[in-house]
Amino acid sequence: MIGPSLKVTPARRRADRESILMCVHTTPCPDATSDARDLAAAVSSHPEQGWSLLCNGVVLFDDDGELLPDGQAVDTHHEWRTAGLVSA
């Protein structure tokens, strides 16, 4: 069920076509061009297939890869470190 703040009206559809506005949260999620884009809220999650769609249009894959709304692929870009595994 769509809540009152997410109701789609003809005016909203026109505005969406003019400027793609996917995130309608009270505190907006990071834009797809931001370095923090993968912190956006998931609107659709498919863990059995290994991906989630974020509200900013980014498809986030379980292997840390990303597909941006413009079709650009982003490889794994995070460094995961565990204190016991990092040697000085």
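Our subject is the structure listed above.
The rules behind each value
- Residues numbered from 1 in each chain as written.
- Predicted model: local features only at pLDDT ≥ 70, side-chain atom pairs only at ≥ 80, totals over all residues.
- Heavy atoms only, no water.
- Core = buried A, V, L, I, M, F, W, Y, C linked by side-chain atoms within 4.5 Å.
- Buried < 20%, exposed > 50% of the residue type's maximum accessible area, 1.4 Å probe, protein only.
- Contact = heavy atoms within 4.5 Å.
- Pairing = 2+ DSSP bridges.
- Helix = DSSP H or I, 4+ residues; strand = E, 2+ residues; numbered from the N terminus.

1. Structural notes on the nonpolar core
In terms of nonpolar packing, the biggest core is built from 8 residues, these being C29, A32, A40, L54, C55, V58, L68 and V74. For V74, the contacting residues outside a window of four places in its chain are R37, G65, E66 and L68.

2. Topic: the sheet that holds strand 5 (residues 73–74)
Read across the open sheet, the 5 strands follow the order 1-2-3-4-5; overall the sheet is antiparallel. Among the strands making up the open sheet, the edge pair consists of strand 1 (42–46) and strand 5. As paired elements, strand 2 (residues 51–54) and strand 3 (residues 59–61) share 3 bridges and run antiparallel to each other. Paired with S52 across the two strands is L60, which belongs to strand 3.

3. Brief notes about the pairing of strand 1
Of the pairings in the sheet, the one linking strand 1 to strand 2 comprises 4 bridges and is antiparallel in character. Bridge pairing in strand 2 links A42 to L54. Linkage of strand 1 to strand 2, two consecutive antiparallel strands, is achieved through a turn of 4 residues, within which G50 is found at a positive phi near 85°.

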